[in-house]
Amino acid sequence: METKLLYQPLPQIDADAVAVVLFEEESAPAELKFASAWLDELKSSGEFSGKSGELAVLHQPQGMKAKRLVAVGGGKKPKFDSAALRKAAGSTVRTLKQKGVKSLAWLLDGRAAEAAVEGALLGNFEPDHHKTTSDAKSLEAFHVVAAANGAEIEQSFERGRILGESQNFSRELANEPANLLTPLVLAAKAEAMAKESGLDCEILDQDRMMQLGMGSLLGVSQGSAEPPALIIIRYTPETPSKSTDHLALIGKGVTFDTGGVSIKPADGMEKMKYDMSGGAAVLGAMRALAKLKPSIQVTAFVPAVENMVSSKAQRPGDIVKSLNGKTIEVLNTDAEGRLILIDAITYAKRLGCTHLVDAATLTGAIVVALGHVNIGAFTNNEDFLATVMTAAKTEGEKMWHMPLDDEYKELLKSPFADLANIGGRWGGAISAAWFLREFVDDTPWVHLDIAGTAWLDDAKPDMAKGPTGVCVRTFAKLALSW
């Protein structure tokens, strides 16, 4: 989709539709005086009151080149933040493109161009590229119309374009079926993205991981005919930073998860292609950072494996040795994400990373606790978590601070190894986070359990069914605001 920033008076805009946000209990802006009769009629009839989610269309508006004038409900003006603007743009795109609109201009009214462009790009995404025919239509052009030229709005617009495209890149990866996206294919796609973006990429293969002693990661992959890979992508600032901080973004990359010998129920297993959404988010964030150029060094780690059932698969009761030397009793082979993440965490620390953030579709327990609204956030460092959550709030990605009290650590005790890989039914998301914390030590670390937020079972007004690309914008904001 073409995106462009325009500086034109409303009557001169040549597009299939021009969208204007209107609020409850507010009169129309001066630019819409010519349409005041139409707007008055809409409000008096109750057809449009400015509430969030409302949409009204005036065809062939007098005195305009555009074919349609679209009134978009913004709700209460004080509550119309960047997240609301992003959703409004996304839902408007999704509604209008199905009505045959190919080009849409968005009247900015002084608000951030970034969120408008992001919303449009995210709303235009469809997960149907493997269909030979599709009913879904696409918007070809989205233009943001600003009142005045300026460097700030140009930068905001460009950030929105980069972030929206990068989030959709993550969604494309997470949407790929496992027969087309094996661990090595994911590694190849990451390598291609890194080369295109000017990033350094290194892929550790099975032999190298074996030499290093990544027994926890390799234990998960041993049941699959598809070899594993540890994807490492490095961003180094062009201007050396005075800070010695080095941010690690670590994403779970299970390209398909059967659950292994502790096999999952058949119902819904087809969605387990999205079990690499954390890895996809990390890769999307690195794509964005290569273009946005933060001042901090950032390295991404994506342990990529398949968790399959075979005669060579890991068994419940097996004991594996992790990269940092701790032994783990595998009580449940479906608790595999934490097993691959800990070796990536240890390796990130060995490479000098000073701050760690991981994203993983880790537990069903977090979905029980928080549903599909909030990401579960865990930490060993409250100040670092506050920084991450501030970035998330700015980007409209909701997170909830979950506990990591010492009592939960007791759940992971094993009589046969240093710790077990599960802690029982109760507090499952917390014991999973505690398992990761055992390998973090004192390094500032935040764990984001995105199991409930990385996939939409049903389409939303502003976003298609399927992968969401959650955390891409948060990760980018975190690095940029360091």
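Figured I'd write up the structure that's included with this text. Small disclaimer: the values here were computed from a predicted structure and weren't measured.

Each helix and strand counted, the chain has 14 helices and 20 strands in total. Rg of the C-alpha trace for the chain: 24 Å, near the compact-globule value of 23 Å for 482 residues, within the 12% margin. Taken along its principal axes, the extent of the C-alpha atoms in the chain is 80 × 50 × 45 Å. Burial analysis of the chain (482 residues in total) assigns 57% to the buried set. Element-wise, carbon and sulfur atoms account for 49% of the exposed surface of the chain, whose accessible area totals about 20200 Å². One finds the centroid of the 51 positive side-chain charges in the chain at a distance of 3 Å from the centroid of its 61 negative side-chain charges.

What follows is about unusual backbone geometry. A positive phi angle, close to 45 degrees, is found at Q60, a residue other than glycine. With respect to the helices and strands, Q60 occurs in the loop between β3 (55–59) and β4 (68–73). Phi angles above zero are rare outside glycine, and D441 is one such case at about 60 degrees. Secondary-structure assignment places D441 in the loop between α13 (428–437) and β18 (445–449). Of the residues examined, D441 reaches a relative accessible area of 46% and is grouped as partly exposed.

With that settled, the discussion passes to the sheet that holds strand β13 (residues 327–329). Taking strand neighbours across the sheet as the criterion, the three strands line up as β12-β13-β17 in an open arrangement whose pairing is mixed. A single partner strand is all that each edge strand has here, and the edge strands are β12 (319–321) and β17 (419–420). Summarising the sheet, β13 and β17 pair through two bridges and their orientation is parallel. Directly across from I328, in β17, lies its bridge partner L419.

With that out of the way, let us pick up the side chain of T333. Along the chain, T333 turns up in the loop between β13 and α9 (337–350). Ignoring anything within four residues of it in the chain, the contact list for T333 reads G259, G260, V261, S262, N307, Q314, R315 and P316.

Side chains that carry opposite charge are capable of pairing whenever their charged atoms lie near each other. What the rule picks out here adds up to 27 salt bridges. Of the charged contacts, one joins R315 and D318 as a salt bridge, the two residues approaching to 3.3 Å between their closest N and O atoms. A salt bridge links E438 to K409; its shortest N-O distance comes to 3.4 Å. Of the two residues, E438 sits in the loop between α13 and β18 while K409 sits in helix α12 (residues 406–409), which places them 29 residues apart along the sequence.

Our focus in this paragraph is the sheet that holds strand β5 (residues 103–107). Strand order in the open sheet formed by six strands is β1-β6-β5-β2-β4-β3, and the pairing between neighbours is mixed. The open sheet is flanked by β1 (2–6) and β3, the only strands paired with a single partner. For this sheet, the mean angle separating the axes of adjacent strands, direction not counted, is 20 degrees. As defined by bridge partners, strand β2 (residues 17–22) adjoins β5 across three bridges and the pair is classed as parallel. Bridging from a neighbouring strand, A19 pairs with W106 of β5. Contacts from helix α2 (residues 82–97) reach β2, β3, β4, β5 and β6 (141–145), with the element oriented near 155 degrees to β5.

Counted residue by residue, helix α14 (residues 472–480) has seven buried out of nine residues, so it is predominantly covered. Listing the buried residues of α14 in full gives V472, R473, T474, F475, A476, L478 and A479.

The next subject is the packing of helix α8 (residues 277–292) against α14. Here α8 crosses α14 at 40 degrees, and the two axes come no closer than 8 Å. Between α8 and α14, the interaxial angle falls into the category oblique. Of the two possible hands of crossing, α8 and α14 adopt the one that is right-handed. Facing α8, whose interface residues are A281, V282, G284, A285, L289 and L292, α14 presents V472, F475, A476, A479 and L480.

Of note, D343 is situated in helix α9. Although D343 lies buried, it forms no salt bridge, and the closest oppositely charged side chain, R350, sits 8.2 Å away as judged by the N-O distance. With residues near it in sequence (within four places) discarded, D343 still touches M214, G215, S216, L217, S322 and L323.

The subject of this paragraph is the environment of S241. Considering the arrangement of structural elements, one finds S241 in the loop between β8 (229–235) and β9 (246–251). Residues S241 and Q297, spaced 56 residues apart in sequence, show a C-alpha to C-alpha distance of 8.1 Å.

Let us now look at the nonpolar core. Counting residues in hydrophobic clusters, the biggest one holds 61 residues, and the most contacted among them are I233, L283, M286, V357, L448 and F475. Ranked by the residues each element gives to this core, the list is headed by α8, at ten residues. Setting aside its immediate chain neighbours within four residues, M286 contacts M193, L199, I233, R234, Y235, L249, V298 and A300.

For the rest of this paragraph, the subject is the packing of helix α3 (residues 113–124) against helix α4 (residues 151–175). Where α3 contacts α4, the axes come no closer than 7 Å and their chain directions differ by 25 degrees. Classified by the angle their axes make, α3 and α4 are roughly parallel. Our pair here, α3 against α4, has a crossing hand that is right-handed. On α4, the residues touching A113, E114, V117, E118, L121 and L122 of α3 are I153, S156, F157, R159, G160, R161, L163, G164, E165, Q167, N168 and R171. Looking at the contact of α3 with α4, its residues break down into seven nonpolar, five polar and six charged.

Quick notes on the rules
- Residues numbered from 1 in each chain as written.
- Predicted model: local features only at pLDDT ≥ 70, side-chain atom pairs only at ≥ 80, totals over all residues.
- Heavy atoms only, no water.
- Helix = DSSP H or I, 4+ residues; strand = E, 2+ residues; numbered from the N terminus.
- Rg over C-alpha atoms; globule rule 2.2 N^0.38 Å.
- Buried < 20%, exposed > 50% of the residue type's maximum accessible area, 1.4 Å probe, protein only.
- Areas by Shrake-Rupley, 256 points an atom, 1.4 Å probe, with all protein chains shown as cover.
- Lys, Arg positive; Asp, Glu negative; His and termini not counted.
- Charge placed at Lys NZ, Arg CZ, Asp CG, Glu CD.
- Pairing = 2+ DSSP bridges.
- Contact = heavy atoms within 4.5 Å.
- Salt bridge = Lys/Arg side-chain N within 4 Å of Asp/Glu carboxyl O.
- Axes fitted to C-alpha atoms, helices over the stretch in contact; angles between N-to-C directions.
- Parallel < 35°, antiparallel > 145°, perpendicular 65-115°, else oblique.
- Left-handed = near helix turned anticlockwise from the far one by under 90°.
- Core = buried A, V, L, I, M, F, W, Y, C linked by side-chain atoms within 4.5 Å.
- Nonpolar A, V, L, I, M, F, W, Y, C, P; charged D, E, K, R; others polar.

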